[in-house]
Amino acid sequence: MSYITELDILADISMTEEGGEEDKSLELWLKTLDLQEIHTMMQLNGWDNITYLNGTIVKEDLVTMGINNEKIKRKLLKSVEEELISFKHGNMPGTVEEWLATIDLSKYLNRFNTNRMGSINRVLEIWEVELTSILNIEPIGHRKRIMKSIRDLRNLQSSLDNEEKKKKVKGAGPKWFHKADDLLRGVDYAARYFGCAKVDGPESTKQAGVICQKLQGKIGAGQKVPEYRLRISAEGIEFIDKQTQKLTCKYHIEDISFVSRDKADLLVFSFISSDRKLNIKMCHVFKAHTRNQAFETCTTIAQSFEV
């Protein structure tokens, strides 16, 4: 990075190279801090507008400019952090001209246009080195302002793209049965618990159906199957004994990797949990009272991953 130091100070300090008026905000702000002596250095190095100082200027920039007084550095940076708001784009600009105007650097518009960087899509692909090697933008403050703006625009574009994707798939995804707030508190479903069995290897999800059949087969005729309330939330699944109302176990959401209904019996469903300490996976098998209840329980477990 190149900087302009006191030895480079020119007679014209207006920084209006290609038109435009000098922004007085820097001068007035420095005056309130009693730091008028560094005004010229700040301005010539592109730190000429206080709107864009927070999130760009750092201690190394001050040192390289020749500002070595620790008291001045601390005072300036403290004020930048505590008093100045970091600039962020609220909307995606449609043109390079509009974009440069929002960051008060319209004077560089001709450079962007003549160097085939006249579209927002091209701007989003700019590398920092191109600002000096191609656009010949020397003031470090202006370059850091541009790069921060580009990072903001990339994040904004990513958010807009994600929103667009959500709109396209609206109605195509699963139907959720609960509001997010409900899943934060937890919702209960009753189900009979057939037990659990160990599953192994990358094919563990395919073993779930076999285990459902095996565990059901072990239950003899007339044998009582324990019933639980499954409390499903964004934190995980809790087993609450329906008779004693006591919590018997809990599986955190990050340890649950699979949930499905048994194709042979749609009343039956299962989920796979991981025990990190023992490095094993267990398939838990349940039977709902109705098919709809089984479907809703599985869907709610899946929804808990989205909250």
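As a reminder, the structure under discussion sits directly above these lines.
Residues numbered from 1 in each chain as written. Predicted model: local features only at pLDDT ≥ 70, side-chain atom pairs only at ≥ 80, totals over all residues. Heavy atoms only, no water.

Novice: How do you make sense of the pattern of salt bridges when you look at a structure like this?
Specialist: Charged atoms that come close allow side chains of opposite charge to pair. What the rule picks out here adds up to 15 salt bridges. A salt bridge links Asp-61 to Lys-144; the shortest N-O distance between them is 2.9 Å. Here Asp-61, found in helix α3 (residues 59-65), pairs with Lys-144, found in helix α9 (residues 140-168); they are 83 residues apart in sequence, far enough to count as distant. Both residues of the pair, Asp-61 and Lys-144, belong to the buried class. Between Arg-276 and Asp-255 there is a salt bridge; the shortest N-O distance is 2.8 Å. Remark: Asp-255 occurs in the loop between β4 (247-252) and β5 (256-261) and Arg-276 occurs in the loop between β6 (268-275) and β7 (280-287); sequence separation between them is 21 residues. With relative accessibility at 62%, the residue Arg-276 sits in the exposed group. (Salt bridge = Lys/Arg side-chain N within 4 Å of Asp/Glu carboxyl O. Helix = DSSP H or I, 4+ residues; strand = E, 2+ residues; numbered from the N terminus. Buried < 20%, exposed > 50% of the residue type's maximum accessible area, 1.4 Å probe, protein only.)

Novice: What is the right way to look at empty space enclosed by the protein in this model?
Specialist: Empty space among the atoms becomes visible once a probe the size of a water molecule is rolled across them. Evaluated as defined, the whole model comprises one cavity of 30 Å³ or more. One number sums up the size of the largest cavity: a volume of about 60 Å³. Along its surface, the largest cavity is lined by Tyr-52, Asn-54, Thr-56, Phe-87, Ile-103, Arg-145, Lys-148, Ser-149 and Asp-152. Split by residue class, the lining of the largest cavity holds three nonpolar, three polar and three charged. (1 Å grid on protein atoms, 1.4 Å probe; cavity = no way out; pocket = protein on both sides within 12 Å on 5 of 7 lines; lining within 4 Å. Points joined across faces, edges and corners; volume = space filled by probe spheres on them. Nonpolar A, V, L, I, M, F, W, Y, C, P; charged D, E, K, R; others polar.)

Novice: In this structure, what is going on with the packing of aromatic side chains? I would like to understand it.
Specialist: Pairs of aromatic rings are described using the distance from one ring centre to the other and the angle between the two planes. Within this structure, the stated rule accounts for 13 aromatic pairs. A centroid spacing of 5.8 Å and a plane angle of 85° characterise the contact between Tyr-193 and Tyr-228, whose relative ring orientation is edge-to-face. One end of the pair, Tyr-193, is in strand β1 (residues 187-199); the other, Tyr-228, is in strand β2 (residues 227-233), and 35 residues separate them in sequence. Classification of Tyr-193 as buried rests on a relative accessible area of 14%. Ring-pair connections join several aromatic residues into one group, and the members of that group are Tyr-193, Tyr-228, Phe-239, Tyr-251, Phe-269, Phe-271 and Phe-286. (Phe/Tyr/Trp six-rings, centres within 6.5 Å; stacked < 30°, edge-to-face > 60°.)

Novice: Explain the environment of Ala-190 to me, please; I cannot follow it from the model alone.
Specialist: With respect to the helices, strands and loops of the structure, Ala-190 is situated in strand β1. Its relative accessible area of 18% is what places Ala-190 among the buried residues. Distance from Ala-190 to Arg-229, taken between C-alpha atoms, is 4.5 Å for residues 39 residues apart in sequence. Once residues within four sequence positions are removed from consideration, Ala-190 is found in contact with Glu-227, Tyr-228, Lys-242, His-289 and Gln-293. (Contact = heavy atoms within 4.5 Å.)

Novice: Just to check I follow, could you spell out the environment of Arg-111 for this structure?
Specialist: Mapped onto the elements, Arg-111 comes out in helix α6 (residues 109-114). A distance of 3.2 Å separates the side chain of Arg-111 from the backbone oxygen of Leu-135, its partner in a polar contact. Of the polar contacts made by the side chain of Arg-111, one reaches the backbone oxygen of Asn-136; its length is 2.6 Å. (Polar contact = N/O pair within 3.5 Å; in protein donor to acceptor, adjacent residues only side chain to side chain.)

Novice: How should the pairing of β5 be read in this particular structure?
Specialist: Where β5 and β6 come together, five bridges link them in antiparallel fashion. The residue bridging Val-259 from the neighbouring strand is Phe-271, located in β6. (Pairing = 2+ DSSP bridges.)

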